[in-house]
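# Structure at a glance
Here's the letter readout for the chains.
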Amino acid sequence: MTSEQIAKRKRIMERSIALGHCICDPAKPCPCPVFKRHQVCECAGERLPRPTGTVRLTEHVRNPGCASKVNKETLTAVLAGLSELDDPRVLIGSAAGDDAGVIELDPGTGTVLTVDVFSPSVDDARTFGRIAAANSLSDIYAMGAQPQAALSIVGYPTYALPLEGMRALLAGGLEVMHAAGVPVVGGHSINDDEPKAGFAVLGTAPTGALIGNAGARPGDAIVLTKPIGGGIVNFARQIGRADDAALDAVTAAMATLNRAAGERLQAFDAHACTDVTGFSLLIHLGEMARRSDVAVELDFDAVPLFPGVQDLARQHVLPGALERNREAAVESMLDLAALTDIQQAVLCSPETNGGLLVSLSAGRADAFIAELAAHGVTAVRIATVTGAQAGGHLRATTAHADAWQPL
């Protein structure tokens, strides 16, 4: 060390010792454990050797992917009673509980705003960045809008993990944003104990073309554009119980844009749409029914699942986020009596960049599904809007409950 570095360390440590607290982390004494162990004063700008090597991101998080979000029941309680500015330009605000907010800055054009940040659901940093970008764009596509620009948001433990991981994360996100034709015009980063990533995205759509999660009509078919069960597989990944086929399928789906479906909502006159995220298919479909004031019948047997989900669920390999989703469901509007507990659990799986849930006229559903198939998207009709019902209702059916008994 130079004499100047030694003098700087002495000056800063004297101040910390006099205060009785480390000035960089007041929860620690001075000398702090790092100094005692390594003779390095981080408050003086000294640094331990940076870690190098392969980063396995999921080893550094408690809840992967969208399962890291605040659960819906807690979020509803926190947001209750908070004021909103009464601005006539706001077409869709937070009270609507939709995928994104919309404000009319220019007559006839809706400016669509969303932000999404979560913990890694995969080990590879570049892949996580790709998933974070695809997930953040999904809310824009679900509204029938076109993304126009984005800001990146990153939390990263810069002194605990190699910086190559943070760079790879950002590079992966930029790859997907560029593929979607969306410039990333800036961003924000913080030191955090757990890695996190996401984007704030701005999109636009003609005000008459916006699609919300309300608007499903009696007689509609409801189509899902990706399988579910990703949260179950990602949890199995964390505890070493997921096989390669399941991991590959879930990872590929999480990193796939919902662009093909989102850009075709208007052409097929979709009445309502939402993307399936950490709140699960059960919550999102229930919200669509509730906000549309309709009754929906879900054919559980038609719901597409990722490989291995059925066996994992029957072995009770189920994440805690699933329990919180189930508790947040509005029991008074549900009829799940036909399903086993395990089937109900699968419907509550938190999804990361899940598919779009689209309500459209039954006569257009087959053509919509065929159009998506031509663009590499396997969409499935999973439910029917059976009629109008104030407050909404969701009933699930199955002909194969016996195949869902515990192993």
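Residues numbered from 1 in each chain as written. Predicted model: local features only at pLDDT ≥ 70, side-chain atom pairs only at ≥ 80, totals over all residues. Heavy atoms only, no water.

Here we come to the state of the cysteines. Enumeration according to the criterion identifies 1 disulfide in this entry. Not engaged in a disulfide, the cysteine Cys32 finds its nearest cysteine sulfur in Cys22; these two sulfurs lie 5.4 Å apart. (Disulfide = S-S within 2.5 Å.)

Let us now look at the packing of helix 6 (residues 230-238) against helix 7 (residues 244-254). At their nearest, the axes of helix 6 and helix 7 sit 10 Å apart, and the two run at 125° to each other. Judged by the angle between their axes, helix 6 and helix 7 are oblique. The handedness of the crossing between helix 6 and helix 7 comes out as left-handed. For the pair helix 6 and helix 7, the contacting residues are Gly230, Val233, Asn234 and Arg237 in the first and Ala246, Leu247, Val250, Thr251 and Met254 in the second. (Axes fitted to C-alpha atoms, helices over the stretch in contact; angles between N-to-C directions. Helix = DSSP H or I, 4+ residues; strand = E, 2+ residues; numbered from the N terminus. Parallel < 35°, antiparallel > 145°, perpendicular 65-115°, else oblique. Left-handed = near helix turned anticlockwise from the far one by under 90°. Contact = heavy atoms within 4.5 Å.)

The next point concerns the pairing of strand 8 (residues 272-275). Here strand 8 shows no split at all, with Ala272 and Thr274 on one side and Cys273 and Asp275 on the other all buried. The pairing of strand 8 with strand 11 (residues 356-361) spans 4 bridges and is classified as antiparallel. Bridge pairing links Ala272 to Ser359 in strand 11. (Buried < 20%, exposed > 50% of the residue type's maximum accessible area, 1.4 Å probe, protein only. Pairing = 2+ DSSP bridges.)

A few words on the sheet that holds strand 2 (residues 101-106). On the basis of which strands lie adjacent, the open sheet formed by 6 strands has the order 1-2-3-6-4-5 and mixed pairing. Edge strands, defined here as strands with exactly one partner in the open sheet, are strand 1 (90-92) and strand 5 (184-191). Neighbour-to-neighbour, the strand axes of the sheet open up by a mean angle of 25°, direction not taken into account. Sheet strands touched by helix 4 (residues 125-142): strand 3 (109-118), strand 4 (146-156) and strand 6 (196-206). Its angle to strand 6, the strand with the most contacts, is close to 30°. Contacts between helix 5 (residues 163-179) and the sheet are confined to strand 4, strand 5 and strand 6, with strand 4 contributing the most and set at about 170° to the helix.

Here we come to the packing of aromatic side chains. Aromatic ring pairs are reported here in terms of the distance separating the ring centres and the angle at which the planes meet. Taken as a whole and assessed by the stated rule, the structure comprises 3 aromatic pairs. For the ring pair Phe300 and Trp404, a centre distance of 5.3 Å and an interplane angle of 85° mean the geometry is edge-to-face. Here Phe300, found in the loop between strand 9 (294-299) and helix 10 (309-314), pairs with Trp404, found in the segment after strand 13 (393-397); they are 104 residues apart in sequence, far enough to count as distant. The two residues Phe300 and Trp404 agree in class, both being buried. (Phe/Tyr/Trp six-rings, centres within 6.5 Å; stacked < 30°, edge-to-face > 60°.)

This brings us to the sheet that holds strand 9. Taken together, the 7 strands give an open sheet; going across it, the order is 8-11-7-12-9-13-10, and neighbouring strands pair in mixed fashion. Edge positions in the open sheet fall to strand 8 and strand 10 (334-335), since each of these has one partner strand only. One ladder, built from 5 bridges, connects strand 9 with strand 12 (residues 380-388); its direction is antiparallel. If you follow Val296 over to strand 12, its bridge partner there is Val385.

What the rule picks out here adds up to 13 salt bridges. Across the salt bridge formed by Arg89 and Asp87, the nearest N and O atoms sit 2.8 Å from each other. By relative accessible area, Arg89 is classed as partly exposed at 41%. Ionic pairing is found between Glu287 and Arg291, a salt bridge with its closest N-O pair at 3.1 Å. Separated by 4 residues within a single helix, Glu287 and Arg291 lie in helix 9 (residues 280-292), roughly one turn from each other. In this structure, a network of salt bridges that share partners links the residues Arg126, Arg130 and Glu175. (Salt bridge = Lys/Arg side-chain N within 4 Å of Asp/Glu carboxyl O.)

On to the pairing of strand 3. When strand 2 meets strand 3, the two strands line up antiparallel, connected through 4 bridges. Residue pairing across strands places Ile103 opposite Thr111, the latter belonging to strand 3. Counting the residues between successive antiparallel strands, the hairpin from strand 2 to strand 3 contains 2 residues, one of them, Gly108, with a positive phi of roughly 85°. Here strand 3 runs beside strand 6; their pairing, made up of 10 bridges, is antiparallel. The residue of strand 6 that forms the bridge with Thr111 is Thr204.

Judged by side-chain polarity, Val70, Leu75, Val78, Leu79 and Leu82 come together as a nonpolar surface patch covering roughly 450 Å² of accessible area. Relative to the helices and strands, Leu79 is located in helix 3 (residues 72-79). Judged by its relative accessible area of 47%, Leu79 is partly exposed. (Patch = residues over 30% accessible without salt bridge, like charges linked within 9 Å, V, L, I, M, F, W, Y side chains within 5 Å. Areas by Shrake-Rupley, 256 points an atom, 1.4 Å probe, with all protein chains shown as cover.)

To continue, consider the nonpolar core. Grouped together as the largest cluster of nonpolar side chains are 68 residues, with contacts concentrated most on Leu281, Val296, Leu298 and Leu357. The element contributing the most residues to this core is helix 9, with 6 residues. In contact with Val296, other than residues within four places in its own chain, are Ile222, Leu285, Ala289, Ala383, Thr384, Val385, Thr386, His393, Leu394 and Arg395. Within the second largest apolar cluster, 21 residues are counted, among which are Ile92, Ala100, Ala134 and Leu257. (Core = buried A, V, L, I, M, F, W, Y, C linked by side-chain atoms within 4.5 Å.)

With 13 residues, helix 9 extends 18 Å from end C-alpha to end C-alpha; this agrees with the ideal 18 Å at 1.5 Å per step. Of the positions making up helix 9, those classed as buried are Ser280, Leu281, Leu282, Ile283, His284, Leu285, Gly286, Glu287, Met288, Ala289 and Ser292. (Expected span 1.5 Å × (residues − 1).)

What follows deals with the side chain of Ser349. With respect to the element layout, Ser349 can be found in the loop between helix 12 (341-347) and strand 11. Judged by its relative accessible area of 0%, Ser349 falls in the buried class.

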